[in-house]
Amino acid sequence: MTATDPDIEKLRLDFPILAQEINGHRLAFLDSAASSQRPRSVIEAVSHYYEHDHANVHRGVHTLSHRATEAYEGAREKVRRFINASSSREIIFTRGTTDAINLLAASFGQSIEPGDEIIISHLEHHSNIVPWQMLCERNDATLKVIPINERGEIILDEYHQLLGPRTRLVAVSHVSNALGTVNPVEQIIAAAKERNIPVLIDGAQAVPHQAVDVTALNCDFYAFSGHKMFGPTGIGVFYAREEWLERLPPYQGGGDMILTVSFAGTTYNDLPYKFEAGTPNIAGAIGLGAAIDYLLDIGMDKIQAHETALLDYATREISTVDGIQLIGTAAQKAGVLSFNLDGIHPHDLGTVLDHQGIAIRTGHHCAMPVMEFFGIAGTARASLALYNCRQDIEQLIHGLQLAIGMFRS
Ligand code: C6P
């Protein structure tokens, strides 16, 4: 599969939403970092479940409950294989990345003491900043931030300086949503491990673009969202090593996370159920399982090669546009082109492009500190997924020329 390969045209047919026109133009969907589209197989898996198998899980002796439980637990096993976790007991279904990070901040956070330190990076999405800020405020701990350089890359030397005897956790993104920088997570994890410091990786923008192996990475925690990897909204994953999950207190209390309840006290369920209180998003998990089947069927290496070639092409093409400033020029990038055009506000640009059938995101991308670093209020962001092709990029470049004509004439 290359950027010009006819395979991509065939693959696009799997995504019914892409076949439509928007404002009288072919849809060029370049906003998958915000939320990707779903292949027909995911849509069908969810509706098949609702049409044939729905009941609550882990609760009934009847056939439908057995079927729902089997499908839900089957999805957990698919997630385990997808990220190469050792056991499905290490896979907790959540509402998404944000929910997964909040789970860790609430649970692990209970052991954080005054003076303890948590390290994040300057590249983080708000959901990997605010929960740690809230925790630090609550427990009188300190948030330390790894600085970045002008290309939008983490400065590893500075990271090493920040690691210290009071560091309790390192929490960094695998891929930046605002710039597309692929962070050197292997080195970040290895340096923390030398000091026995646990590491959380926010993988929301990594899992749709490359193979992820949590065992090889040697991270303690890994979080991601279903809706950015062609699965449903409202479902995500919190991976944690089993020994951590055994030690950590539960996040929420309620049904399914208990073994026994009396007014004298409660005992908690086995893993992973200890961390899944209440009726879960059963259909969401099944849809996520179908998305994983879809991705693995194509092959993550093939997807990564296609997107890397397309990003190279898009970077070359957009660099020729008069007055363009690319924000984020890291040596290692995935899936994202963030830019500004001289004299045109990103929101105006987004609106003009929408009139041409081109969907991009504009603004701060929930990464305000990144924008602050570059001294800008926001960017226009075109983000790629496996179904994008050269035609999408050509349409984008044409749209940018039109906008220049409108605003600069
Ligand atoms: N970024 C974007 O347009 P949720 O909303 O929980 O599914 O994911 C939050 C999140 C966490 N980390 C990273 C790196 C992310 O990119 C996101 C979501 C979207 O960039 C929506 S703000």
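Residues numbered from 1 in each chain as written. Predicted model: local features only at pLDDT ≥ 70, side-chain atom pairs only at ≥ 80, totals over all residues. Heavy atoms only, no water.

Draft legend 1. Main features of the overall build of the protein. In terms of helices and strands, the protein carries 14 helices and 17 strands. Residues counted as buried form 57% of the 409 residues belonging to the protein. Contacts in the protein between residues far apart in sequence, at least 24 positions, make up 71% of those at least 6 positions apart. Accessible area of the protein: about 16800 Å², with a carbon and sulfur share of 50%. (Helix = DSSP H or I, 4+ residues; strand = E, 2+ residues; numbered from the N terminus. Buried < 20%, exposed > 50% of the residue type's maximum accessible area, 1.4 Å probe, protein only. Contact = heavy atoms within 4.5 Å. Areas by Shrake-Rupley, 256 points an atom, 1.4 Å probe, with all protein chains shown as cover.)

Draft legend 2. Molecular detail of the environment of S65. Looking at the element boundaries, S65 is found in helix α3 (residues 63–83). Measuring from C-alpha to C-alpha, the distance between S65 and A55 comes to 4.9 Å, with ten residues separating the pair along the chain.

Draft legend 3. Quick look at helix α4 (residues 97–107). Among the eleven residues in α4, eight count as buried, and that is most of the element. Within α4 the residues assigned to the buried category are T97, D99, A100, I101, L103, L104, A105 and S107. Considering only its buried residues, α4 is in contact with β4 (91–94), α5 (130–139), β7 (167–173), β8 (199–202), β9 (221–225) and β10 (236–240).

Draft legend 4. Looking closely at the sheet that holds strand β17 (residues 379–383). Overall, antiparallel pairing links the four strands, which are arranged β13-β14-β17-β16 in an open sheet. Bordering the open sheet on either side are β13 (324–327) and β16 (361–363), each of which pairs with just one other strand. In this sheet, neighbouring strand axes are inclined to one another by 30 degrees on average, regardless of whether the strands run parallel or antiparallel. Where β16 and β17 come together, three bridges link them in antiparallel fashion. By the bridge assignment for β17, G363 is matched with T379. In the packing of helix α11 (residues 300–319) onto the sheet, contacts are made with β13 and β14 (336–341), and the angle to β14 comes to roughly 10 degrees. Strands in contact with helix α14 (residues 390–408) are β13, β14 and β17; relative to β14, the strand with the most contacts, it is inclined by about 15 degrees. (Pairing = 2+ DSSP bridges. Axes fitted to C-alpha atoms, helices over the stretch in contact; angles between N-to-C directions.)

Draft legend 5. Seen up close, the site of the ligand. Taken together, the neighbourhood of the ligand is formed by 16 residues, with T98, D202, Q205, S225 and R361 sitting nearest. T98 places a polar side-chain atom, nitrogen or oxygen, 2.5 Å from an oxygen atom of the ligand. At 2.5 Å, a side-chain N or O of D202 approaches a nitrogen atom of the ligand. Taken by itself the ligand offers 510 Å² of open surface, and the protein chains cover 87% of this. Along the lines of polarity and charge, the residues of the shell around the ligand split into four nonpolar, eight polar and four charged. The two domains that each donate at least three residues to the shell around the ligand are domain 1 (7–30 + 299–407) and domain 2 (43–296). (Near = heavy atom within 4 Å. Polar contact = N/O pair within 3.5 Å; in protein donor to acceptor, adjacent residues only side chain to side chain. Nonpolar A, V, L, I, M, F, W, Y, C, P; charged D, E, K, R; others polar. Domains from an automatic or database assignment.)

Draft legend 6. Here's a closer look at the nonpolar core. If you look at the biggest cluster of nonpolar residues, it comprises 78 residues, and the most contacted ones within it are Y159, V170, Y222 and L386. Counting residues per element, this core draws most heavily on helix α10 (residues 282–298), at eleven residues. When residues of this core are sorted by domain, at least three fall in each of domain 1 (7–30 + 299–407) and domain 2 (43–296). Sequence-distant contacts of V170, defined by excluding residues within four places in its chain, comprise I119, Y159, L163, I188, A192, I197, P198, V199 and L200. (Core = buried A, V, L, I, M, F, W, Y, C linked by side-chain atoms within 4.5 Å.)

Draft legend 7. Geometry of the domain arrangement of the protein. Domain assignment breaks the protein into domain 1 (7–30 + 299–407) and domain 2 (43–296). The C-alpha-based centres of domain 1 and domain 2 are spaced at 28 Å. On the side of domain 2, 31 residues touch domain 1, which itself brings 35 residues to the contact. For the pairing of domain 1 and domain 2, the buried interface totals around 2600 Å² over both sides, and the portion due to carbon and sulfur atoms is 63%. Connecting domain 1 to domain 2 are 16 residue pairs in polar contact (both at pLDDT 80 or more). Secondary-structure elements contributing two or more residues to the side of domain 1 that touches domain 2 are α11, β14 and α13 (368–374). Ranked by residue count, the leading element in the side of domain 1 that touches domain 2 is α13, at six residues. (Buried area = accessible area lost by both parts, 1.4 Å probe.)

Draft legend 8. Broad picture of the side chain of N388. Counting through the fold element by element, N388 comes out in the loop between β17 and α14. Beyond its immediate stretch of four places on either side in the chain, N388 contacts I8, R12, F29, L30, H306, L310 and S383.

Draft legend 9. Molecular detail of the sheet that holds β8. What the seven strands build is an open sheet, ordered β4-β10-β9-β8-β7-β5-β6; its pairing is mixed. Only two strands of the sheet have a single neighbouring strand rather than two, namely β4 and β6 (142–146). Adjacent strand axes in the sheet meet at a mean angle of 20 degrees when their direction is disregarded. One ladder, built from four bridges, connects β4 with β10; its direction is antiparallel. Opposite I91, over in β10, you have Y239 as the bridge partner. Contacts between α3 and the sheet are confined to β4, β9 and β10, with β4 contributing the most and set at about 115 degrees to the helix.

Draft legend 10. Representation of the packing of aromatic side chains in the model. Evaluated as defined, the whole model comprises twelve aromatic pairs. Judged by centre distance (4.8 Å) and plane angle (70 degrees), the ring pair of F15 and Y387 falls under edge-to-face. Taken as a pair, F15 in the loop between α1 (6–12) and β1 (21–22) and Y387 in the loop between β17 and α14 lie far apart in primary sequence, 372 residues in all. Look at Y387 and you get buried, because its relative accessible area is 0%. Three or more aromatic residues joined by ring pairs form one cluster here, namely F15, F230, Y294 and Y387. The ring of W244 carries the charged tip of R247 above its face, separated from the ring centre by 4.2 Å. (Phe/Tyr/Trp six-rings, centres within 6.5 Å; stacked < 30°, edge-to-face > 60°. Lys NZ or Arg CZ within 6 Å of the ring centre and 35° of its normal.)

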